Amino acid sequence: MRNSVSKLGSAVKAARKNRNLTQMELSEELGITPRYLQAIENESKTPSYELLTRILSYLNIPADNLLRKIENAVDFSKIYNFVENLYCLDNGRPSVDPVVLFKMVIIQHLYGLPSLRRTAEEVKLNIAYRWFLGYTLNEPTPHFSTISYNFKHRYTPETIDKIFYWILEEIAKAGYLSLEAVFIDSTHIKANANMKKTIKKALPKAAKIYEEQLMQEINEDRESQGKKPFDDNNQNGNGSKTTKDISTTDPDSGVFHKGEHKRCFAYSAQTACEKHGYILDAIIVAGNIHDSVSFDSLYDRILDRYSNDIKIIAADAAYKTPWICKRIIDENIIPALPYKRPLGKKGYFRPSEYVYDEYYNCMLCPQNEILSYATTNREGYKEFKSKGRICEQCSEKYRCTANQKSQKTVMRHIWAKYIEIAEDWRHTKLFKEVYAQRKETIERVFADAKEKYAMRFSPYRGLTQVTNWVRLKFAVMNLKKYAIHKWKNEFFSSLNIIFLRRSPRLLLQSGTSSTD
């Protein structure tokens, strides 16, 4: 502890000399006697917490320090309400202040510290961190094992959700949220698992959230065409299994491989933000789950909280599926989805060259021949087939089909009209303006999270722990952005007040000239 006092005395003395201040001048600023200041610099006195705060405020922590902005941004006493049921009031030894524990987690995520152990060490040595936590130099800080235990047992998913939404509510009250356009995307986080430690396991195929609704509309379509409806007890996927690589270290993670990325176990953070970059919500799933599959869980959360405010949903091509387009449009929300390259063979006609005739319920090929309705399958696709005797004599057959019977089959989803509506929106000026903001919003969020807040690799294992870690990180990112916005707003407001007080005549003259 003597070394800590020595460092403080030397720091105060060096900072005073750097500002060309005498002991008399600095003592007057701090409200103490020159003799007491001399004793602090000579390491014979330890300042109280109040005096330490004044010293740090004047010398070590300037007014625009990030921790000072965060301290002034929100009322951290709200944390007590969130964790009240997790503590015993009349039994056991005194616990570490819950606000201190949360602030230590803030420091970890704010400065991208790799572990709670490293965070505890940094708090011991950094004067600014001690000020933020409310510790003097002669007070012991919490041990890293205390923080780790509390993170695992006290920071439950319910507690973290309360903290996350509390910060968002503070941002909304201040008027910084703009919910007209919401941007959705996902990013992958490498799991704490080795690709060499895997087992192959047969898992049942997951049922789609819209399966029941889809089957109902499929049967309605089949009955309208004189077809027998499918038996609901024999839906596609019931009883079928798929073989996947499962990590023996972290079974909740999934194998991720995309483009030039190295094959690895990962988690996917499905995230939504608004145009200022504030993260509205996020869910974590295994890395082998497609974005369009995990979309519904996130979308439901967003609608529960902001359904009356959202006008546009902007996402990339991975979300351009019939079901997602239908969900968005049925909620009277505009889908801002980009062009999606159609699947097909090279050298063959594109699917868009086959035109659907809704009145006659048939398809027209590029040679104006009719492909008649055949059936509607269990996946929700209408099948239209040509007559082999006509296609066999067609000069463009080599660009149409390689079927031995010279029969072309074209499929169209029963919800394809929603994709067409999304395509119509894609050609509007509104779409171009909103979609261009993705690089400044959701993509910027992911870039910052990985570059500045150490979110490339998860130090935790298990879906629950990784979810807690990511949501806390996003909460801290929101808190930092809010603190900076609030400080800037107050700073410029104070400048305007000073300007109005000092030059009202100049302001009146400028206002008069502008109205003239």
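That block above? That's the structure.
Residues numbered from 1 in each chain as written. Predicted model: local features only at pLDDT ≥ 70, side-chain atom pairs only at ≥ 80, totals over all residues. Heavy atoms only, no water.

Here we come to the pattern of salt bridges. This model, assessed by the stated rule, comprises 24 salt bridges. The salt bridge involving Asp448 is made with Lys452; its shortest N-O contact spans 3.7 Å. The exposure class of Asp448 is buried, given its relative accessible area of 17%. Taken together, the shared-partner salt bridges connect Asp161, Asp281, Arg301 and Arg471 into one network. (Salt bridge = Lys/Arg side-chain N within 4 Å of Asp/Glu carboxyl O. Buried < 20%, exposed > 50% of the residue type's maximum accessible area, 1.4 Å probe, protein only.)

Examined against the element boundaries, Gln38 turns out to sit in helix H3 (residues 34-41). By relative accessible area, which is 37% here, Gln38 ends up partly exposed. C-alpha of Gln38 to C-alpha of Lys13: the two residues are 25 residues apart in sequence and 9.0 Å apart in space. (Helix = DSSP H or I, 4+ residues; strand = E, 2+ residues; numbered from the N terminus.)

The end-to-end C-alpha distance of helix H12 (residues 211-224) is 20 Å, a good match for the 20 Å that 14 residues give at a rise of 1.5 Å each. Taken together, the buried positions of H12 are Leu214, Met215, Ile218, Asn219, Asp221 and Arg222. An end-on view of H12 places all buried positions within 160 degrees of arc, on one side of the element. Seen from the open side of H12, the exposed residues pointing more than 90 degrees away from its buried face are Glu212 and Ser224. On the buried face of H12, the contacting elements are strand S11 (370-376), strand S12 (381-385) and strand S13 (409-413). Taken from the residues just after H12, Gly226 is the one with a positive phi, measuring 80 degrees. (Expected span 1.5 Å × (residues − 1). Arc of directions from axis to C-beta. Contact = heavy atoms within 4.5 Å.)

Let us look at the packing of aromatic side chains. As enumerated under the stated definition, the model contains 17 aromatic pairs in all. Geometrically, the ring pair formed by Phe76 and Phe102 is tilted, given 6.3 Å between the ring centres and 55 degrees between the ring planes. Here Phe76 is found in the loop between helix H5 (66-73) and helix H6 (78-83), whereas its partner Phe102 is found in helix H7 (residues 98-110), with 26 residues between them in sequence. Both residues of the pair, Phe76 and Phe102, count as buried. Ring geometry for Trp323 against Trp415: centres 5.5 Å apart, planes inclined by 40 degrees, an arrangement best described as tilted. Taken as a pair, Trp323 in helix H14 (residues 322-330) and Trp415 in the loop between S13 and helix H16 (416-426) lie far apart in primary sequence, 92 residues in all. Note on accessibility: Trp323 and Trp415 belong to one class, buried. Geometry around Phe230 places Arg222 over its ring, the cationic atom sitting 4.2 Å from the centre. The ring of Tyr165 is capped by Arg305, whose NZ or CZ atom sits 3.9 Å from the centre of that ring. (Phe/Tyr/Trp six-rings, centres within 6.5 Å; stacked < 30°, edge-to-face > 60°. Lys NZ or Arg CZ within 6 Å of the ring centre and 35° of its normal.)

Nonpolar side chains collect at one region of the surface, where Ile421, Trp425 and Leu430 lie side by side and expose about 220 Å² of accessible area between them. Mapped onto the fold, Leu430 is located in helix H17 (residues 429-435). Exposure remark for Leu430: the relative accessible area of 32% places this residue in the partly exposed category. (Patch = residues over 30% accessible without salt bridge, like charges linked within 9 Å, V, L, I, M, F, W, Y side chains within 5 Å. Areas by Shrake-Rupley, 256 points an atom, 1.4 Å probe, with all protein chains shown as cover.)

Glancing now at the nonpolar core. By size, the foremost hydrophobic cluster in this structure holds 111 residues, and its most contacted members are Phe76, Phe102, Phe132, Trp166, Ile184 and Phe474. Among the elements that make up this core, the one with the highest residue count is helix H19 (residues 463-502) (11 residues). (Core = buried A, V, L, I, M, F, W, Y, C linked by side-chain atoms within 4.5 Å.)

A few words now on the layout of surface pockets. Taken as a whole, the second largest pocket encloses approximately 710 Å³ of empty space. Counting residues per element, the ones that place at least two in the lining of the second largest pocket are strand S1 (181-190), strand S4 (254-256) and helix H18 (442-451). No other element matches the six residues that S1 contributes to the lining of the second largest pocket. Of the residues belonging to the lining of the second largest pocket, the class tally is eight nonpolar, eight polar and nine charged. (1 Å grid on protein atoms, 1.4 Å probe; cavity = no way out; pocket = protein on both sides within 12 Å on 5 of 7 lines; lining within 4 Å. Points joined across faces, edges and corners; volume = space filled by probe spheres on them. Nonpolar A, V, L, I, M, F, W, Y, C, P; charged D, E, K, R; others polar.)

With that settled, consider empty space enclosed by the protein. Using the criterion set out here, one finds three cavities of 30 Å³ or more in the structure. Volume-wise, the largest cavity comes out at about 120 Å³. Lining the largest cavity are 14 residues; nearest its centre among them are Cys365, Gln367, Cys391, Cys394 and Cys400. For the lining of the largest cavity, the residue count by class is eight nonpolar, two polar and four charged. Empty space within the second largest cavity amounts to approximately 50 Å³. The wall of the second largest cavity is formed by Ile79, Val83, Tyr87, Pro98, Leu101, Phe102, Asn150, Arg154, Tyr155 and Ile163. In terms of residue count, the dominant contributor to the lining of the second largest cavity is H7 (three residues).

So, on to helix H10 (residues 144-153). Within H10, burial applies to Ile147, Asn150 and Phe151. For H10, the angular spread of buried residues about the axis comes to 100 degrees, placing them on one side.

Where H14 contacts H16, the two axes come as close as 8 Å, and the packing angle between them is 70 degrees. With respect to their mutual orientation, H14 and H16 come out roughly perpendicular. Between H14 and H16 the crossing geometry is left-handed. On the side of H14, the interface is formed by Pro322, Cys325, Lys326, Ile329 and Asp330, while H16 contributes Tyr418, Ile419, Ile421 and Ala422. (Axes fitted to C-alpha atoms, helices over the stretch in contact; angles between N-to-C directions. Parallel < 35°, antiparallel > 145°, perpendicular 65-115°, else oblique. Left-handed = near helix turned anticlockwise from the far one by under 90°.)

Take the sheet that holds strand S10 (residues 362-364) next. What the five strands build is an open sheet, ordered S9-S10-S11-S12-S13; its pairing is antiparallel. Pairing within the sheet leaves two strands with one partner each, and these edge strands are strand S9 (355-357) and S13. Averaged over all neighbouring strand pairs, the angle between strand axes comes to 35 degrees, with direction disregarded. The pairing of S10 with S11 spans three bridges and is classified as antiparallel. From the neighbouring strand, Leu364 faces S11, where its bridge partner is Ile370. (Pairing = 2+ DSSP bridges.)

Shape descriptors only; they carry no functional weight alone.
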